[in-house]
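Remarks on the overall topology
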Amino acid sequence: MLGEFELIARLLVPLARGRRGALGLTDDAALLPPRPGHVLVATKDAMVAGRHFPEGEEPGAVARKLLRVNLSDLAAMGAAPDAYLLVLGLPRSLDEAWLEAFVAALDDDQQHYGVGLLGGDTVGTEGPAFFSLTALGWVPHGSELRRAGARPGDDLYVSGTIGDAAFGLHVAQGKLAPADPADAGHLLGRFRFPEPRLRLGVALRSLARAAMDVSDGLVGDLEKLCRASGVGAELRADLVPLSPPARRAVEAEPDRLAAALTGGDDYELLFAAPPTARAPVAALARELDLPLTRIGAFTAPGEVVVLGATGEPLALSSRSFTHF
Ligand SMILES: [Mg+2]
């Protein structure tokens, strides 16, 4: 195992290159100059081996997911990402090669998403490996997206497809074995490498009344948005967009639809927009080459009701994925 000093100097300092405020990771803290007219958006997520990713997961997948789930929260606020802080909790079992692969993947992703390391901490642990990342971004003052703001009569949209990650976890756990190996690969890939909807979040600043990212399950997260907005919602289960591999999984076992609607890790954006925004939302979907699907509507304050194709209410046994 590398000493902390060598780990920082050799592996982490390169992640801070080009960021003057990081001070080469040699000072007590970093400097982040304000952006005039903007508010700083900050978010933090942690991942623990054996709980949020399998013990044997490859280091690059851990690194990319750690960064991306945080960037997803920035996207949900309409923020453009800027920088991040990182905590590594490392057991002795993780060797130098593991850390090198972790850092190489993080470096690749940080260039892709335009962020850089500002600081953090590295600690040894007798317990499982854990990682925590604080992502920082900027949004023009007053145009941040909040969970509060949806009104009765607003359309309910979701980006991308829902349920892939939940099914990907099932594939990883051996609970789902698609006939086509390409389906298994697609579902696993969506579980391991979520795509933060950053461009969508920025575009929604002027279109959406409320937004959040779907991390704990579509239905449970919709309930959170409704609570924050003081509204109810009707969700049409038959309109929820499924990828072809997820659709095949549901066709093989219809009960799986509930898992798609309540499973976690989608990292798509759920948002409210008035019916007058339908044309601009459709145009945005084409521009981003990303499905933006109307899956229901917001209603007067009340429950989130999940409806089937013929308007019949569906009962879901579990509405959300909980980590504890
Ligand atoms: Mg979130």
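Above this text sits the structure in question.
First things first, this report covers the structure right here in the doc. (Residues numbered from 1 in each chain as written. Predicted model: local features only at pLDDT ≥ 70, side-chain atom pairs only at ≥ 80, totals over all residues. Heavy atoms only, no water.)

Here we come to the overall build of the protein chain. Scanning the protein chain for helices and strands turns up 10 helices and 10 strands. Radius of gyration (C-alpha) of the protein chain: 20 Å, near the 20 Å computed for a compact globule of 324 residues. Its C-alpha atoms give the protein chain principal-axis dimensions of roughly 65 × 50 × 35 Å. Residues counted as buried form 51% of the 324 residues belonging to the protein chain. (Helix = DSSP H or I, 4+ residues; strand = E, 2+ residues; numbered from the N terminus. Rg over C-alpha atoms; globule rule 2.2 N^0.38 Å. Buried < 20%, exposed > 50% of the residue type's maximum accessible area, 1.4 Å probe, protein only.)

Before going further, it helps to examine the coordination of the magnesium ion. The reference angle at a metal is 109.5 degrees if four donors form a tetrahedron and 90 or 180 degrees if six donors form an octahedron. Taken together, the protein donors to the magnesium ion comprise D73 (OD) and D213 (OD), at separations of 2.0 Å. In this pair, D73 is assigned in helix α2 (residues 59-76) and D213 in strand β6 (residues 210-214), connecting sequence segments 140 residues apart. (Donors = N, O, S within 2.8 Å, 3.2 Å for Na, K, Ca; no water.)

The next subject is the pattern of salt bridges. Summed over the entire model, instances satisfying the criterion amount to 21 salt bridges. For D109, the salt bridge is made with R68, and the minimal N-O distance between the two is 2.7 Å. A residue pair is termed long-range when its members are at least 10 positions apart, and D109 in helix α3 (residues 96-113) and R68 in helix α2 qualify at 41 residues. The exposure class assigned to R68 is buried, which follows from its relative accessible area of 10%. (Salt bridge = Lys/Arg side-chain N within 4 Å of Asp/Glu carboxyl O.)

This paragraph deals with the packing of α2 against α3. Where α2 contacts α3, the two axes come as close as 7 Å, and the packing angle between them is 35°. The handedness of the crossing between α2 and α3 is right-handed. Of the residues in α3, those touching α2 at P59, G60, V62, A63, R64, L66, L67, R68 and L71 are W98, A101, F102, A105, L106, D108, D109, Q110 and Y113. By residue class, the composition of the contact of α2 with α3 is 12 nonpolar, two polar and four charged. (Axes fitted to C-alpha atoms, helices over the stretch in contact; angles between N-to-C directions. Left-handed = near helix turned anticlockwise from the far one by under 90°. Contact = heavy atoms within 4.5 Å. Nonpolar A, V, L, I, M, F, W, Y, C, P; charged D, E, K, R; others polar.)

Before going further, it helps to examine the sheet that holds strand β9 (residues 292-299). Hydrogen bonds between backbone groups are what pair the strands of a sheet, and the pairing can be parallel or antiparallel. Ordered in space as β6-β8-β5-β9-β7-β10, the six strands form an open sheet in which the pairing is mixed. Lying at the two open borders of the sheet, with one neighbouring strand each, are β6 and β10 (304-307). With strand direction ignored, the average angle separating the axes of adjacent strands in the sheet is 25°. Pairing geometry for strand β7 (residues 232-236) and β9, over four bridges, is antiparallel. Residue pairing for β9: A233 is matched across the bridge by F298. Sheet strands touched by α2: β6 and β8 (268-273). Its angle to β6, the strand with the most contacts, is close to 165°. (Pairing = 2+ DSSP bridges.)

Judged by nonpolar contacts, the single largest core of 42 residues is most densely connected at Y84, L86, F102 and F131. Broken down by secondary-structure element, the contributors of at least two residues to this core are α1 (4-12), β1 (38-48), α2, β2 (80-90), α3, β3 (116-124) and β4 (130-140). Once residues lying within four places of it in the same chain are set aside, the contact partners of F102 are P59, V62, A63, L66, L88 and F131. In this structure, I162, M212, V219 and V231 belong to the second largest nonpolar core, which totals 25 residues. (Core = buried A, V, L, I, M, F, W, Y, C linked by side-chain atoms within 4.5 Å.)

Since the α-helix advances by 3.6 residues per turn, residues separated by three or four positions end up pointing in the same direction. Inspection of helix α4 (residues 164-172) places D164, A165, A166, F167, G168 and V171 among the buried residues, and these make up the whole buried set. Its buried side turned inward, α4 meets α5 (181-192), α8 (244-252) and α9 (256-262).

Between α5 and α8, the least distance of the axes is 9 Å, while the angle of their chain directions is 110°. Between α5 and α8, the crossing angle belongs to the class labelled roughly perpendicular. When you trace α5 past α8, the crossing you get is left-handed. The residues of α8 that touch α5, namely those facing D183, H186 and L187, are P245, A246 and R248. Of the residues belonging to the contact of α5 with α8, the class tally is three nonpolar, one polar and two charged. (Parallel < 35°, antiparallel > 145°, perpendicular 65-115°, else oblique.)

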